[in-house]
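Structure assessment
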Amino acid sequence: MPSTNSPLIIALDYPALAPALTLVDALDPRRCRVKIGKELFTREGPRTIDAMHERGFEVFLDLKFHDIPNTVAGAVEAAADRGVWMVNVHAAGGRRMMEASAERLRQRGLETRLIAVTVLTSMTDDELQDIGVVGDALSQVERLALLTRDSGLDGVVCSARESARLRECCGEDFLKVTPGIRPASAAAGDQRRVMTPEAAMAAGSTHLVIGRAVTQAPDPMVALAEIERSLGLAG
C-alpha cells in the first residue's frame, strides 16, 4: 500500500460504505489519507477499513475510545492489527488508560500512531463549564495535551486555535491533528473553533481533517487540489 506525507485527512462522514467508496474512488491516495468515524464504522464495521486499504488509502480510525485501561488498550491493539495508520482515545480517560494503550502498541511492535482527543471542536467555554471544567477551552486543551505527551502518545486532536500553544509546550514533533478546517469560502457547519487550512498549518497543526469542503464538492479532486495550492503543496 502506498504511503503519503500529505497533511490532509478527508473525513468520510457517510451513513454507508457505498457513498464513501464513491468519494474515495475520486481521490488519489498519494495525496491524502481518510478518516473513518463512528457512524460509518458502526453501520459497516471493519470492512470499511479493508475497503480503504484495498484502494491504497491510509486510515485514521476516529472512534475516540474511552473506558477502563485494559479495555481501551485491547481496542487500540485491535485497530492496529487491522493496519490503521492512526487511532485515537479520549485524554479524559486519564494517564493509566493512555499509558496502557501506548504500552500495548510498543509491546507488540505496532507502528500505528496513537493520539488523544482533548476538547471536542464543537464545544464552547460555556459547555465546558456545564460539565465541571474550570477555565476556558485553551487551558483544558493544554492540560490534557501535556498529560497525553507524558503518557507516551504521539499527539492530540485539537482545534487549530490551540495549535500554536501546543507547539510551544509539547514540541514540533508532537502531532496536532486538527478538525474544524474550512476553506475561506466554506460554511462553519456545527464546528465552533474553525480555521482555514493555511492558517491552521501556520499556527502549528501537523494534520488537517477536512470534510464537506471536499466530500460535497462537485469534483472532490479539484477541491483537494485547491487546498493543496493554498498550502503550497505540489499536486
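Structure: see above.
Let me begin by describing the structure that accompanies this report. Please read these numbers as outputs of a predicted model, since none were measured by experiment.

Re the packing of aromatic side chains
The geometry of an aromatic ring pair comes down to the distance between the two centres and the angle between the two planes. Going through the model one piece at a time under the given rule, you end up with 0 aromatic pairs. Cation over ring: Arg 33 sits above Trp 85, and NZ or CZ is 3.9 Å from the ring centre.

Here we look at the state of the cysteines
Using the criterion set out here, one finds 0 disulfides in the structure. This cysteine, Cys 158, is not joined by any disulfide, and Cys 170 carries the nearest cysteine sulfur, 9.1 Å off. Counting only cysteine sulfurs, Cys 170 is the nearest neighbor of Cys 169, a cysteine outside any disulfide, at a range of 3.6 Å. Judged by its relative accessible area of 16%, Cys 169 falls in the buried class.

Some words on the pairing of strand 3 (residues 59-65)
In terms of burial, strand 3 is largely enclosed, as 6 of its 7 residues are buried. Examined bridge by bridge, strand 2 (residues 33-36) and strand 3 share 3 bridges and lie parallel to one another. Residue pairing across strands places Val 34 opposite Val 59, the latter belonging to strand 3. Here strand 3 runs beside strand 4 (residues 86-90); their pairing, made up of 3 bridges, is parallel. Bridged to Phe 65 within strand 4 is Val 89. One crossover worth recording links strand 3 to the parallel strand 4 by way of helix 4 (residues 69-81), and it is right-handed.

Re the nonpolar core
For soluble globular proteins, the rule of thumb is that nonpolar side chains tend to be buried together. Formed by 53 residues in total, the largest nonpolar core has its most connected members in Leu 12, Leu 27, Ile 36, Met 52, Leu 61 and Val 89. In this structure Leu 61 touches Ile 36, Phe 41, Ile 49, Ala 79, Val 84, Met 86, Val 87 and Asn 88, once residues within four positions along its chain are discounted. Residues Leu 128, Val 141, Ala 145 and Phe 174 belong to the second largest nonpolar core, which totals 13 residues.

Scoring rules and cut-offs
- Numbers given for residues are sequential positions, taken from 1 along each chain in its written order.
- Restriction of local features to residues with pLDDT of at least 70 applies here, the model being predicted, together with a cutoff of 80 or more for giving and counting side-chain atom pairs; totals for whole chains, interfaces and linings are based on all residues.
- Water and hydrogen atoms play no part in the side-chain values, which are based on all heavy atoms of the structure.
- Within 6.5 Å between ring centres, the rings of Phe, Tyr and Trp (the latter by its six-membered ring) count as paired, and their orientation is classed by plane angle as stacked under 30 degrees, edge-to-face over 60, tilted in between.
- Comment: the charge-over-ring label is applied if NZ (Lys) or CZ (Arg) is within 6 Å of the ring centre and within 35 degrees of the ring normal.
- Cysteine sulfur atoms are paired as a disulfide whenever they fall within 2.5 Å.
- For each residue, the accessible area found with a 1.4 Å probe, counting protein chains only, is set against the maximum for its type, and the residue is called buried under 20%, exposed over 50%, and partly exposed in between.
- What counts as a helix is a DSSP run of H or I of at least four residues, what counts as a strand is a run of E of at least two, and both are numbered from the N terminus.
- Note on pairing: two strands pair once DSSP finds at least 2 bridges between them.
- A clockwise course of the path from the first strand over the helix to the second, judged with the strands pointing away from the viewer, identifies a crossover as right-handed.
- The nonpolar core is taken to be a set of buried Ala, Val, Leu, Ile, Met, Phe, Trp, Tyr and Cys residues, with the residues joined through side-chain atoms within 4.5 Å.
- Only heavy atoms matter for contacts: two residues are in contact if any of them lie within 4.5 Å across the pair.

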